[in-house]
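Okay, here's what each chain looks like letter by letter:
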Amino acid sequence: MGRILLVGRLAVRDLRRRRVETVLLLLAIMAATTTLTLGLVLRDAAGDPYQSTREATNGPDVVASVSRPGELSRLEELASAPGVIDRSGPYPVAPAKLQASGRTSDVQAVGRDAAPASVDQPELVQGSWVRDGGVVIEAAFANALGVRVGDPVTLDGRSYEVVGVAVTAIMPPYPGVSCLVAGCMSGDIPDDRAAPGLLHNPGLVWLTQADVRSLTPDSHVMNLKLADPDEAQAFVANHPASRDAPRLAYWEEILEEATELARDSQILLLIGAWLLGLLAVASLSVLVGGRMADQTRRVGLLKAVGGTPSLVAAVLLAEYVLVAIVAAAAGLAVGSLTAPLLTESSAGLVGSAGTPSMTMSTVGTVTAVALAVAVVATVVPAVRAARSSTVNALADSPRPPRRVGWLIAISARLPVPLLLALRVAARRPRRVVLGVVSIAITVSGIYVVLILNAFLTTQPLAGGYDDAQVELLRQVLLVWMVILLCLAAVNAIFITWATVLDNRHSSALARALGATPRDVSTAMAAAQVLPALIGAVLGVFPGGVALFAAINTITGGDSDRATLPSLWQLLAVVLATVLVVAALTAVPARLGARRPVTEAL
């Protein structure tokens, strides 16, 4: 117990001595844990409005439909099946063309009674329920059309007045659709499947049964309530589809479709979380390396007063483990509170997304990722420092450079800043690799965002999104990119500052031999710009191409519909990356070059 207390006190004291670095480290890990939390809980938050709609409308557990009048008897058989405790319908359904506000849209018109139904009674958000000559429009569809109560519309050439706007749980909100009639499709229809009379992304409206029969209905729908809603999927499985059997949809399936936008957002956030996790490992590795170089004498003092190598390693590890635990807790809190803001408040559902509850699996996953990031980045430098000689650690002597004949021959003919930059990069090859990987991860994320943004701009209906949903997905992409770019910027600053600290002796020696502070600061910045250029190129290919292919594989998307970034866009991304890295690294490089030569030596 005393050993644990000692390790904890030493770790906390060291963190308090380096508060700026501690805060930056906390933010780096917190960025990954927050994004991961958002990805894990977003869909649970998105499911709240649909559940509220089910309760408000007494939504069905199973929706059954048939396409021919002769199959009505099959619906009656379902109504008396074991487990069914209530029903509404069968109601006639007619395909039709609706004209409103200068637009023509396909619709499924359902005939309903004026009296309330015990199962699936749509909840009115405006106006009143159906009456002769009046139409009630599903809320998300009405929002897309821009119609309100009192507006005139036509259905197959017949004039009606909009008397109400309502929500329902029998299908996902528009532009989502559940086909109640035989000839309908949602999403983008290939040319070889287009056919006359086929409904494309139809909306939902309700009329009186008499008005629907005047439109020539060809289908019927019935809503079933089960004794145990959790058995809805099993009920559907026990009544397999066949040529004459009714088409069945259970409520979990409708929920899945209603939260499809959240699923797409969730996939983007989870991919972003793993990218941020990799960036956090790179950031932490560089920060740990820089701090270990700055803590060499402290390690020697700990060993000189009796600390064993295992104690020294435990102290160094404990610092980052403590930060990782705090970052995990903060990421869980921020992610759960932010999730409702990134969830669509659909006009076709009741209520809005609530704060999701934290499950043990979510807490465990986020905490494990935070600890993994800290341990992976810290364990090797900590063990190496713990095994170092006590005498050498107390002396804190500069690390002798590696002599590479071909590198010396090449760099000798270069200008002084490039000569120093090349030798600085060769001094820490692993740090150069981390810089390349960090930039490659960031640029691959930018590559994918360019593709997705172009898709949302040119083909939103191909993904089944309306304008509000497109805007929401863009917000998710924006959050993803802002965090990714901020963490990459912090990483570039980390690498430059660690390089400055690690080369303080050699830089002072170069200045003593005639190099100017400007030469040294330019060399430190150039040592980061060259890896940034390589990383930006690798981030476009193969990094960006591979990441986009992975997203397509996970989502089942069609890459043929995607518009790849043009050559000038890719060149602009590479050039902008190099310029931004040069600007970010200039400040710490200049600060390091201002240190007096005598003090550094």
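Quick summary incoming for the structure in this document. (Residues numbered from 1 in each chain as written. Predicted model: local features only at pLDDT ≥ 70, side-chain atom pairs only at ≥ 80, totals over all residues. Heavy atoms only, no water.)

## Regarding a positive patch on the surface
Then step 1. There is a patch of like positive charges on the surface, built from R9, R13, R16 and R19.
Then step 2. Considering each element in turn, the positive patch owes the most residues, 3 residues, to helix α1 (residues 2-17).
Then step 3. Along the chain, R19 turns up in helix α2 (residues 19-57). (Patch = residues over 30% accessible without salt bridge, like charges linked within 9 Å, V, L, I, M, F, W, Y side chains within 5 Å. Areas by Shrake-Rupley, 256 points an atom, 1.4 Å probe, with all protein chains shown as cover. Salt bridge = Lys/Arg side-chain N within 4 Å of Asp/Glu carboxyl O. Lys, Arg positive; Asp, Glu negative; His and termini not counted. Charge placed at Lys NZ, Arg CZ, Asp CG, Glu CD. Helix = DSSP H or I, 4+ residues; strand = E, 2+ residues; numbered from the N terminus.)

## Quick notes on the pattern of salt bridges
Then step 1. Evaluation of the coordinates by the stated rule reveals 5 salt bridges.
Then step 2. Between R54 and D61 there is a salt bridge; the shortest N-O distance is 3.0 Å.
Then step 3. With relative accessibility at 10%, the residue R54 sits in the buried group.
Then step 4. One salt bridge in this structure joins R87 and E76, with 2.8 Å as the shortest N-O distance. Separated by 11 residues along the polypeptide, R87 in strand β2 (residues 84-100) and E76 in helix α3 (residues 72-79) bring together distant segments of the chain.
Then step 5. The exposure class of E76 is partly exposed, given its relative accessible area of 37%. (Buried < 20%, exposed > 50% of the residue type's maximum accessible area, 1.4 Å probe, protein only.)

## Describing the pairing of strand β6 (residues 152-155)
Then step 1. Strand direction decides the pairing type here: β2 and β6, joined by 2 bridges, are antiparallel. Bridging from a neighbouring strand, L98 pairs with L155 of β6.
Then step 2. When β6 meets strand β7 (residues 158-167), the two strands line up antiparallel, connected through 4 bridges. Within β7, the position partnered with V153 by the bridge is Y160. (Pairing = 2+ DSSP bridges.)

## Here we look at the environment of V119
Then step 1. Take V119: it is sitting in the loop between β3 (103-112) and β4 (123-127).
Then step 2. Taking the C-alpha atoms as reference points, V119 and K225, separated by 106 residues in sequence, lie 7.0 Å from one another.
Then step 3. In contact with V119, other than residues within four places in its own chain, are T57, N58, G59, P60, D86, R87, S88, R112, N223 and K225. (Contact = heavy atoms within 4.5 Å.)

## Notes on unusual backbone geometry
Then step 1. In this chain, F541 is followed by P542 through a cis amide linkage whose omega measures 10°.
Then step 2. Relative to the elements of secondary structure, P542 occurs in helix α18 (residues 517-555).
Then step 3. At D156, a residue that is not glycine, the phi angle is positive and equals roughly 50°.
Then step 4. Here D156 shows up in the loop between β6 and β7.
Then step 5. In this structure, T216 takes a positive phi of about 65° despite not being glycine.
Then step 6. Along the chain, T216 falls in the loop between α5 (209-213) and β11 (219-226).

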